[in-house]
Every structure is written in structure tokens, then in C-alpha cells.
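# Breakdown of the fold
Each chain, letter by letter, is given below.
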Amino acid sequence: MRVESSFTETIFGGLTRADQRHWAGVYLEGLLSTPGKKSIRRLAATRSDEESAVLSLQQFLNASPWDWEPVLEETIRWTERRATPEAWTVGVALQPKRGQYSAGVHRRFVPTAGRSVNCQMGLGVFLSLEQAAGGQIPVDWRLFLPRPWCTDAKLRERARVPEQAGCRPPWAYVLDLVETLAARSAGTPPPLVADLRDLDDVDPLLRELAARGQEFVIAVPDTQRVVPLLAAAGPPGSPGAPPAAGPAGVREVLSSPAWQRGRGGAQRRSMAAARHGRGQGFLVRTASAPGTPESAGRHPLRLFTEGWAQGDRSRIWLTNLLDRPAAGLLRLTALADANRRTMDELESDFGLTAYEGRSYPGWHHHMTLMSVAYAYARLDGSHPRCAAPRLLPA
């Protein structure tokens, strides 16, 4: 499959050398055309069976010092000219690896698999496009670096991890992705939608997003602690006043008898309407962590779930969209499922887990080119698995 030259000139025009632009086009066409495993050798074969093509493509991906950020910026602009994002979504990619020398590799427990795997963990941000365009376009990635990758200088040097790439909790990578995308995108940022149940701690992310005025709908771990904001019924201790509510886990809050009784009255409802008993919610605030000023959790949030019964394991969400109708919130939560399907599609058809190298720059090069390939396939309408109507011209 040949990619239109106008597209490659737009996306890769910022690469300083002609050979870099050439091999970026080869890699892109290989991702779009090669069935099955997206190995360097098979991608190079889209243009030439010569060994020199394999070596050149490998050199371009792993060793050539080209900056992937301008490529991602152009991809965002190219995408936003074709469709308006209704939300930004976050995806978590676990990429199995052998050995211990690939950048960021570590053992991590995967709840869906029920076991620990040796893997890299990437966090990506996606433009979730309006229904007419469909699809979620990945436009930026971060490679999670666990603690050993902060302290072992030889390990970092071997994988060419840059000095400025420090070790941070996963939530900080998500915040960085959101801030970077806000700086690159046109217009007002849409809501952020993310299923982050499997991350260790998202409380600081909620605080930071709320403080920045970024709208969000985030599925949180059961360990997320909140303080219910009870309906006013007189001063504390007066007849009819509700008891003081302390911090509790979100699932504990939704399971408590007091909250079950309050679904229709005593507790303050955060949704004006619910459909078939779904989408009900209440006002809460995040519980301040030890040593954190109480004001850090001052922003009211809506706690809700997509469906609820005792013992239910439905996703539990927190949002600062206090006035959004229930149907609108449920539409946004569905985008998290759409993101998961996109991640599956990236893995099966676009080489999400196919990167064979070990270097930090090489990982970002591959993830960038994979994102460009998906954007072209989705919005150009020429890929058989992702065909969508061609929209506005660039």
C-alpha cells in the first residue's frame, strides 16, 4: 500500500534529513501493508528484499537521532482538521518483553491475566473523534520507568534513556500527556475519559486535573478514598442532621447502608436523572492524604457507577462534570470501552507490541510511527480494517 506523498510530506516534513523522511515513509507503509507480525525485516520487504534495506530501517528506528515530538504535533493538527474530538482518552499498553535490558522493562501484575508479566508499560493519549468520523487516534505516548530505571546508571545508558526522563508514578505520566496535548491542540480541551482502575494511585491526578479546570471522567481503583458531601439538614449534632462522614473507599461508600438509604433523599444526588437505575451518583471530595493540605481536596466531584448491586464489580467513576445529564456521562464512559477496542486493534493490525529493540528513543520512534499509521488508516479511509468516510480535505 502506497501512502499519499502529500501526507508524508506534511507529517514528516520536520525531519531534518532526506534519508530520515524516506525511511519514515517506508516504515509507515510497512505498518499499513504487512500482514501478521510487524518485524523490521518484514516491514523493509515492502520496498526491498535486500539486507541493506533491513539494516537501514533498523538504523532509522533505533539509532537515528530524529525528534518524534514534531511528528506527533503534525499528526494532531492533521487529525483536528478532519474531525473535532469529543473527548481525550487514555490507554495503557502492556508490552511483553524478554530479558531485563529493554527500556523500562519490569515485572507487573496484570489483573486481566491474573498473573505477573515481564513487560514495558506505555501510557498513551487519544483523540476520541465525533461519531461521524469514528475512532480514537493515538497522538502521544510515555514510557513508564519504574524505580530501578532511576538508580541504575548502566542500565539507563545501555537503553539510551535520556537524563531528563525521570521516574514518576503512572498518574504523573497521564498528567504530562494531558498538559502536552492541551498545549498542542486547538480550541478548548474536551473532557478526559480514562479507565485507571489498575493504577496504584490516581488521587493526585484527580486533584491536579480539578485544580487546572480540566474536565474529566475517570474510573478509579476501589482503594480511592473520598469524603461524602452530605445534604444540609441543620448544624452537625442538631435533630435530623446527618452524621459526620469520614473518608472511605469508593466501593465502601456505595455499599454502605446509609448511602443505600440516601439514594432517594438524605444524601445529595449529583445526577438529576438516571435511566433504569443506572448512572446514579453523589457529591464527594477526595480525602486529603497525610501531610496534604485540606484545601487540596476542596473540589467537589461526582461519584457514580454504571450499574449497582451489592457485590457488583462495575466500574466506579469520579467526575467534575457536576451538571452533565446521566445519559451524557454514560456516553463518555463508553469511550473508555472504545479505547480498549482501539488498543486491541493497534496490537493486532498495527504492531503495538512489535517493537524488537531495547532503546528508549527506538520505543518512542515505533510508537509514533504506529500512531501515524493508524491516523492515516482511520481518516484517509484506505485501510480495509479501519475504513471510514473521507472527511474534510487538509
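One can find the structure itself at the top, above this paragraph.
Below is a short write-up of the structure. (Residues numbered from 1 in each chain as written. Predicted model: local features only at pLDDT ≥ 70, side-chain atom pairs only at ≥ 80, totals over all residues. Heavy atoms only, no water.)

General note: in soluble globular proteins, nonpolar side chains tend to be found buried as a group. Ranked by size, the top nonpolar core spans 97 residues in total, and within it Phe12, Leu57, Trp141, Ile218, Leu346 and Leu369 carry the most contacts. In terms of residues, this core owes the most to one element, helix α13 (residues 360-380), which gives twelve residues. Setting aside residues no more than four positions away along its own chain, leucine 369 makes contact with Phe12, Ala24, Tyr27, Leu28, Leu31, Phe60, Leu61 and Trp66. Membership of the second largest hydrophobic core comes to eleven residues, among which are Ala219, Leu329, Leu332 and Leu335. (Core = buried A, V, L, I, M, F, W, Y, C linked by side-chain atoms within 4.5 Å. Buried < 20%, exposed > 50% of the residue type's maximum accessible area, 1.4 Å probe, protein only. Helix = DSSP H or I, 4+ residues; strand = E, 2+ residues; numbered from the N terminus. Contact = heavy atoms within 4.5 Å.)

All told, the structure shown has six aromatic pairs when counted by the stated rule. Consider the rings of phenylalanine 126 and tryptophan 141, whose centres lie 5.8 Å apart with planes at 75°: the pair is edge-to-face. One end of the pair, phenylalanine 126, is in strand β3 (residues 115-129); the other, tryptophan 141, is in strand β4 (residues 136-143), and 15 residues separate them in sequence. Residue tryptophan 141 is classed as buried on the basis of its relative accessible area, which comes to 3%. Taking 5.1 Å as the distance between ring centres and 75° as the angle between the ring planes, the aromatic pair formed by phenylalanine 350 and tyrosine 374 counts as edge-to-face. Of this pair, phenylalanine 350 sits in the loop between α12 (326-349) and α13 while tyrosine 374 is found in helix α13, placing the two residues 24 residues apart along the sequence. Judged by its relative accessible area of 0%, phenylalanine 350 falls in the buried class. (Phe/Tyr/Trp six-rings, centres within 6.5 Å; stacked < 30°, edge-to-face > 60°.)

Turning our eyes to something else, we now look at the pairing of strand β5 (residues 192-195). As a general feature of sheets, a regular strand has side chains that alternate between the two faces. With three bridges joining them, strand β1 (residues 85-96) and β5 adopt parallel strand pairing. Each residue of the ladder has a partner; that of valine 90, found in β5, is alanine 194. Pairing of β5 with strand β6 (residues 216-219) involves four bridges; the strand directions are parallel. Counterpart to leucine 192 in the pairing with β6 is phenylalanine 216. (Pairing = 2+ DSSP bridges.)

With that out of the way, let us pick up the packing of α12 against α13. Where α12 contacts α13, the axes come no closer than 11 Å and their chain directions differ by 110°. Taken together, the axis directions place α12 and α13 in an arrangement best described as roughly perpendicular. Touching Thr342, Glu345 and Leu346 of α12 are Met370, Tyr374 and Arg378, all from α13. (Axes fitted to C-alpha atoms, helices over the stretch in contact; angles between N-to-C directions. Parallel < 35°, antiparallel > 145°, perpendicular 65-115°, else oblique.)

Applying the stated rule across the entire model yields 21 salt bridges. Between arginine 168 and aspartate 176 there is a salt bridge, with the nearest N and O atoms lying 3.8 Å from each other. Here glutamate 345 and arginine 378 are joined by a salt bridge, their closest N and O atoms 3.5 Å apart. Of the two residues, glutamate 345 is situated in helix α12 and arginine 378 in helix α13; the sequence distance between them amounts to 33 residues. Its relative accessible area of 13% is what places glutamate 345 among the buried residues. Accessibility expressed as a relative area gives 14% for arginine 378, which makes it buried. (Salt bridge = Lys/Arg side-chain N within 4 Å of Asp/Glu carboxyl O.)

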